[in-house]
Amino acid sequence: MLQLERVYKSYRRGPQRIDALKGVDLSVEAPCFCGVMGPSGSGKTTLLQLIAGLDRPDEGRVVVDNIDLAGLSESKLSAFRRRSVGIIFQQYNLISTLSGRQNIALPGVLDRRPRQWIDRRVDELVEQLGIADRASHRPDALSGGEQQRMAIARALLLRPSVLLADEPTGALDSTSSDLLWQLLADLARQQQITVLMVTHEPAAAIHCHRVFVLADGSVRGQFEVDRNDASNLATRYQQLSG
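Values in this document were obtained by computation on a predicted structure and should not be read as measured data.

A. Local environment of the packing of aromatic side chains. Tallied over the full model, the rule gives 0 aromatic pairs. Just above the ring of W117 sits the side chain of R113; from NZ or CZ to the centre is 4.8 Å.

Following this line, the structure appears as structure tokens:
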């Protein structure tokens, strides 16, 4: 389903070289809700960018849904991003001049899907996510939680096998955050997709099935999550990231 093998990625900041990832190995073999935890600068966002095909590694392999991304041309990589990977951003990234329905439909329009198929799929998603009565509104008329649900529906439109979430509740209050984390867990279970969420919050990670810990550009370890023992999760995270 998802595999990274000895992945390295560095950037230049003026004369300085930043080693974002240093030989990362990571494997998720079955649909699940997984967390990627680590302090700021540990390489979490770079990891998601490589899995999404938004950037390419300097070395190593990234395989998603049995597709080795290194073998894809730019045009095929663009199609891969639309069809195989859904991305949820912290700031929603909805287009302000479009309604919720139009925002959700956009990936289908870009992928040249039949209009009838798009409309049917949008109807299905807004009902499933509990936003059918808000779907005609533009983003500025929606709450933060509603906007994030619109963004999730957009990410799910083309039925991706992997859903990536980069600090998806960073702009939400605690109640909306808790509801969103539970929603992601439900999606992973009900739709049999892999959800990979970047977070630094134990309160978010406790909803995951498994957590990978990054520090200084390397995977320091992973562990299964016991949802009834938040203190153990925090302890395991500190042990691996310290």
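B. Local environment of the pairing of strand β1 (residues 2-13). Across 10 bridges, β1 lies against strand β2 (residues 16-28) in antiparallel orientation. Within β2, the position partnered with L2 by the bridge is V28. Taking the residues that link successive antiparallel strands as the turn, the β1-β2 hairpin has 2 residues, and the phi of G14 there is positive, at about 65°. Note that β1 and strand β4 (residues 59-64) share 5 bridges and pair antiparallel. In the sheet register, Y8 faces β4, and the bridge partner there is E59.

C. Highlighting helix α4 (residues 115-128). The end-to-end C-alpha distance of α4, which contains 14 residues, comes to 20 Å, matching closely the 20 Å that a straight helix rising 1.5 Å per residue would cover. The elements touched by buried residues of α4 are α3 (100-110) and α5 (144-156). Looking one or two residues beyond α4, the residue adopting positive phi is G130, at roughly 70°.

D. A look at the environment of R236. Mapped onto the elements, R236 comes out in helix α8 (residues 230-241). The exposure class of R236 is partly exposed, given its relative accessible area of 30%. Between the C-alpha atoms of R236 and V225, which are 11 residues apart in sequence, the distance is 9.9 Å. Excluding anything up to four places from it in sequence, R236 contacts Q222 and F223.

E. Expanded view of the pattern of salt bridges. All chains considered together, the criterion is met by 18 salt bridges. Measuring nitrogen to oxygen at the nearest pair gives 3.4 Å for the salt bridge that ties K9 to D55. Within this pair, whereas K9 is found in strand β1, its partner D55 is found in the loop between α1 (44-51) and β4, the two being separated by 46 residues in sequence. Across the salt bridge formed by K9 and D58, the nearest N and O atoms sit 3.7 Å from each other.

F. Quick peek at the nonpolar core. Formed by 46 residues in total, the largest nonpolar core has its most connected members in F33, I104, I152, L163, L184, M197 and V211. With 7 residues, helix α6 (residues 174-191) is the largest single contributor of residues to this core. In contact with L184, not counting residues within four places along its chain, are F33, I88, I152, L163, P168, V195 and M197. Among the nonpolar cores identified, the runner-up in size contains 28 residues, and L2, L26, L77 and L196 belong to it.

G. A look at the packing of α5 against α6. Running from amino to carboxyl end, α5 crosses α6 at an angle of 20°, the nearest separation of the two axes being 12 Å. The angle between α5 and α6 places the two elements in the roughly parallel class. Both α5 and α6 take part in a crossing whose hand is right-handed. Together, Q148, R149, I152 and L156 of α5 and L179, L180, L183, L184, L187 and Q191 of α6 make up the contact between the two elements. Taken together, the residues of the contact of α5 with α6 sort by class into 7 nonpolar, 2 polar and 1 charged.

H. Looking closely at α1. Burial analysis of α1 places 6 of its 8 residues in the buried class, which makes it a mostly covered element. All of the buried residues along α1 are K44, T46, L47, L48, L50 and I51. One or two steps after α1, the chain reaches G53, where phi turns positive at roughly 75°.

I. Layout of unusual backbone geometry. In this structure, E167 takes a positive phi of about 45° despite not being glycine. By the element assignment, E167 lies in the loop between β7 (162-166) and α6. On the basis of relative accessible area, E167 is assigned to the buried category, the value being 13%.

J. Quick look at the sheet that holds strand β9 (residues 210-215). Overall, mixed pairing links the 6 strands, which are arranged β6-β7-β8-β3-β9-β10 in an open sheet. The open sheet has two edge strands, β6 (85-88) and β10 (218-224), and neither has a second partner. Averaged over all pairs of adjacent strands, the angle between strand axes in this sheet comes to 20°, irrespective of strand direction. Two strands pair when backbone bridges link them, and β9 and β10 are joined in this way by 6 bridges, in the antiparallel orientation. Looking at the pairing, A215 lines up with S218 of β10. Helix-sheet contacts for helix α2 (residues 74-84) involve β6 and β7, and the interaxial angle to β6 is about 70°. Sitting on the sheet, α8 is in contact with β3 (33-37), β9 and β10, with an inclination near 160° to β10.

Calculation criteria
- Residues numbered from 1 in each chain as written.
- Predicted model: local features only at pLDDT ≥ 70, side-chain atom pairs only at ≥ 80, totals over all residues.
- Heavy atoms only, no water.
- Phe/Tyr/Trp six-rings, centres within 6.5 Å; stacked < 30°, edge-to-face > 60°.
- Lys NZ or Arg CZ within 6 Å of the ring centre and 35° of its normal.
- Pairing = 2+ DSSP bridges.
- Helix = DSSP H or I, 4+ residues; strand = E, 2+ residues; numbered from the N terminus.
- Expected span 1.5 Å × (residues − 1).
- Contact = heavy atoms within 4.5 Å.
- Buried < 20%, exposed > 50% of the residue type's maximum accessible area, 1.4 Å probe, protein only.
- Salt bridge = Lys/Arg side-chain N within 4 Å of Asp/Glu carboxyl O.
- Core = buried A, V, L, I, M, F, W, Y, C linked by side-chain atoms within 4.5 Å.
- Axes fitted to C-alpha atoms, helices over the stretch in contact; angles between N-to-C directions.
- Parallel < 35°, antiparallel > 145°, perpendicular 65-115°, else oblique.
- Left-handed = near helix turned anticlockwise from the far one by under 90°.
- Nonpolar A, V, L, I, M, F, W, Y, C, P; charged D, E, K, R; others polar.

Note that all results are geometric; they support no functional claim without further evidence.
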